[in-house]
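# Fold and contact review
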Amino acid sequence: MTAPVFFAWEGGASAPSNTAAATSQIPTVLPASHIVEGPEAHHIHVMRLGEGERLDLVDGRGNRAQCTLISSDQRHARVRIDAVAYEGAPVPAITLVQALAKGGRDETAIEMATEVGVDRVIAWQAQRSIVRWAGAKREKALNKWRNTLRAATKQSRRSRIPTVEFAGSTKQLISAIDADRVLVLHENASYTLDDIEVEWFDTPGISVIVGPEGGITDDEVAVLEEHGARTVRIGSTVMRSSTAGTVAIALINHMTKRS
């Protein structure tokens, strides 16, 4: 069984930028001891991990330290760092463009997408999105999505937290995904994901676009296709907006041997 994951050295100037040895926060001479504080120490304590059990500390940007628990209480946990490694980003990088949806379905979508390895999330305010993010509500909602991605990263024991952005229009969305090859998931598409030639997936980045409950409008599809997007179905059934992206990403992982 893999070790539970907790965050350390996350964010700020002290976090590693590219390799585990890039900061004095992660020792280069091993084994070494480290103190985990705050909410992560409390989480270690409530999980009732015992002395000598294994856990991993990650920074959310690819650095992982394999550790052994020495002691813990509600405020502090002392660990021995036994090994450190930098886990490179998988290729192709996958972006999920998730249209805003009511009832928390959009948050469910990005949570599950994180579990199957999404690298980047864009919250898209599509024409038929009932939910609208404006003013202060936007930053509050983005923070909620960040927390969802962070929690899902821990649950799935990843070392990288997906990034999150906002696109308030189709024009902004096109600008954000301009470098990627793009798939638009649409129930009325003539072709399925399996119909796309294998060579198409040999690319640095792929964006998967999922519309809101009411679907992507014909105008939005037309604009996206004008910019090179491929419109596809996943299969013979119509999936909810909370499910479609995760299934598509899982299939792309398999088709590209992405790990």
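Right above here is the structure, for reference.
Here we summarise the structure given alongside this text.

A word on the pattern of salt bridges. Tallied over the entire structure, the rule returns 10 salt bridges. With a shortest N-O distance of 3.0 Å, Glu 40 and Lys 154 are connected by a salt bridge. With Glu 40 in helix α1 (residues 38-46) and Lys 154 in helix α3 (residues 136-155), the pair connects residues that are 114 residues apart, well separated along the chain. Side by side, Glu 40 and Lys 154 carry an identical accessibility label, which is buried. Notably, a salt bridge pairs Glu 139 with Arg 146, separated by 3.0 Å at the nearest N-O pair. You can call Glu 139 partly exposed: its relative accessible area is 40%. Ionic contacts of the salt-bridge type, sharing partners, join the residues Arg 54, Asp 56, Arg 64 and Glu 87 into one network.

A few words on helix α2 (residues 105-115). All of the buried residues along α2 are Asp 106, Ala 109, Ile 110, Ala 113 and Thr 114. In an axial view of α2, the angular spread of the buried residues amounts to 130°, which keeps them on one side of the axis. The secondary structure elements touched by the buried residues of α2 are β6 (93-99), β7 (120-124), α3 and α6 (244-256). Positive phi shows up at Gly 117, right after α2, with a value of about 105°.

The rules we used
- Residues numbered from 1 in each chain as written.
- Predicted model: local features only at pLDDT ≥ 70, side-chain atom pairs only at ≥ 80, totals over all residues.
- Heavy atoms only, no water.
- Salt bridge = Lys/Arg side-chain N within 4 Å of Asp/Glu carboxyl O.
- Helix = DSSP H or I, 4+ residues; strand = E, 2+ residues; numbered from the N terminus.
- Buried < 20%, exposed > 50% of the residue type's maximum accessible area, 1.4 Å probe, protein only.
- Arc of directions from axis to C-beta.
- Contact = heavy atoms within 4.5 Å.

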